Amino acid sequence: MAAEKLSTRHLLGIKDINRDDIELIFETADNFKDVINRPIKRVPSLRDITIANIFFENSTRTKLSFELAEKRLSADVVNFAASSSSVSKGETLIDTVNNILAMKVDMVVMRHPYAGAGQFLSRHIKAQIVNAGDGAHEHPTQALLDAFSIRQKLGSVAGKKVVIVGDILHSRVAISNILCLQKLGAEVMVCGPTTLIPKYISSLGVKVEHDLIKALNWCDVANMLRIQLERQDIKYFPSLREYAMMYGLNKQILNSLDKEIIVMHPGPINRGVEITSDVADSKQSIILEQVENGVAIRMAVLYLLASQRD
Ligand code: NCD
């Protein structure tokens, strides 16, 4: 039996929540999955709650997913988008604080290019904060929906072997996934070129493998990440073509493995780089299930946080 309440007021990162919190979010998301598959998809759970979605970085999936989750829960939703080019660290966040205070919102869903932006905001405003990605730091709801999708497909996360392939150095999805999967008892490996795997990673208790085929033969699940070119200030590998040859997953490799693995991707996909189209669209891929589960997970997070309000 999971706990009845979350142990935190905000969802800033997986590092701040425990296994009971994750189980509670999953059980709540199970119920919301039933709701979103009904002809009438809206429930009144967040009526009279105002949520601001504040995105300082581009997003398609995550923003749509949060907005849908909020609307399915009958919240009042306001959107605030700023192009990343206009962001100048402290100043813009202080502006954000003042805007939020003036709008009298109850919850803020924020994506920001700087690590720790959500933490900063949570110290200055009363509203509850959900981190929708802060720089290369954390992306907690992505990790929750990824682990939830593994649980749905394989029955549980505990004891499963998951390899995260690609740009670990610049990926908030990788960090949040590692923490979430470990809290649920999975074994985690990271795989990619040496330049894209930070040295500290083994201190998190993950295996490191530079050979893609070995990594894939070890795992039950492969989570293929996008190369975060927008965060790369220097060249970490010779060319995207060479990266694809060394670390791209294609159908031939998939079919040559000893067992049938599950393929995941948080999106957006760069078809032909980290994953080919025939793999992305194959029976082994659960990419679209991840997107569907994202709405249920975000409904669960928002609902549980709202019931923590004082
Ligand atoms: C990820 C992100 O923004 O961190 N995407 C997402 O949230 N769906 C991963 C990525 O951009 O590659």
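You'll find the structure just up there.
Thresholds, definitions, all that
- Numbers given for residues are sequential positions, taken from 1 along each chain in its written order.
- In keeping with the model being predicted, local features are shown solely for residues with a pLDDT of at least 70 and side-chain atom pairs are shown and tallied solely at 80 or more, while totals for entire chains, interfaces and linings include all residues.
- Where side-chain values are given, they derive from all heavy atoms of the structure, hydrogens and water being excluded.
- Put simply, DSSP marks the helices as runs of H or I at least four residues long and the strands as runs of E at least two long, and each gets a number from the N terminus on.
- Between the two quantities, the radius of gyration covers C-alpha atoms and the globule rule is 2.2 Å times the number of residues to the power 0.38.
- Here, Shrake-Rupley sampling with a 1.4 Å probe gives the accessible areas, and only protein chains in the shown set may cover a residue.
- His is not counted, nor are the chain ends; Lys and Arg add positive charge and Asp and Glu add negative charge.
- Every charge is mapped to an atom, namely NZ of Lys, CZ of Arg, CG of Asp or CD of Glu.
- The buried label goes to any residue with under 20% of its type's maximum accessible area, the exposed label to any with over 50%, and the partly exposed label to all in between, with areas taken from a 1.4 Å probe on protein chains only.
- Counted as a polar contact is a pair of N or O atoms within 3.5 Å, where, for protein atoms, one must be capable of donating a hydrogen and the other of accepting one, and residues adjacent in sequence contribute only when both atoms are in side chains.
- Residues count as neighbours in contact if any of their non-hydrogen atoms are within 4.5 Å of one another.
- Definitions used for this entry: grid spacing 1 Å over protein atoms alone; cavity, a set of points where a 1.4 Å probe fits but cannot get out; pocket, an open set with protein on both sides within 12 Å along at least 5 of 7 lines; lining residue, one with an atom within 4 Å of a point.
- Grid points are joined across faces, edges and corners, and a volume is the space filled by probe spheres set on the points.
- Any residue that is not Ala, Val, Leu, Ile, Met, Phe, Trp, Tyr, Cys, Pro, Asp, Glu, Lys or Arg is counted as polar, Gly included; the first ten are nonpolar and the last four charged.

Trainee: Looking at this structure, I do not really get the overall build of the chain. What am I missing?
Mentor: Secondary structure assignment for the chain yields 11 helices and 9 strands. Since a compact globule built from 310 residues should have a radius of gyration of about 19 Å, the 19 Å found for the chain is in line with a globular shape. Projected onto its principal axes, the C-alpha positions of the chain cover 55 × 45 × 35 Å. Taken as a whole, the chain presents about 13,700 Å² of accessible surface, with 51% of it coming from carbon and sulfur. In the chain, which carries 37 positive and 35 negative side-chain charges, the distance between the mean positions of the two groups comes to 2 Å.

Trainee: Which parts of the structure should I look at to understand the side chain of His170?
Mentor: In this fold, His170 is placed in the loop between β5 (161-165) and α6 (172-183). On the basis of relative accessibility, which here comes to 8%, the residue His170 falls in the buried class. Within the structure, the side chain of His170 is placed 2.9 Å from the side chain of Asp167, a separation counted as a polar contact. Setting aside chain neighbours within four positions, we find His170 in contact with Ala136, Leu196, Gln228, Arg231, Gln232 and Tyr236.

Trainee: Can you walk me through the layout of surface pockets in this structure?
Mentor: To find leftover empty space, one rolls a probe the size of a water molecule over the atoms. The computed volume of the largest pocket comes to approximately 610 Å³. Lining the largest pocket are 30 residues; nearest its centre among them are Asn58, Arg111, Arg172, Arg226 and Pro268. For the lining of the largest pocket, the elements supplying multiple residues, two or more each, are α2 (61-72), α5 (140-154), α6 and α11 (287-306). Tallying contributions element by element places α11 first for the lining of the largest pocket, with 5 residues. Looking at the lining of the largest pocket residue by residue, the class counts come to 8 nonpolar, 14 polar and 8 charged.

Functional significance is not addressed by these values, which are geometric in nature.
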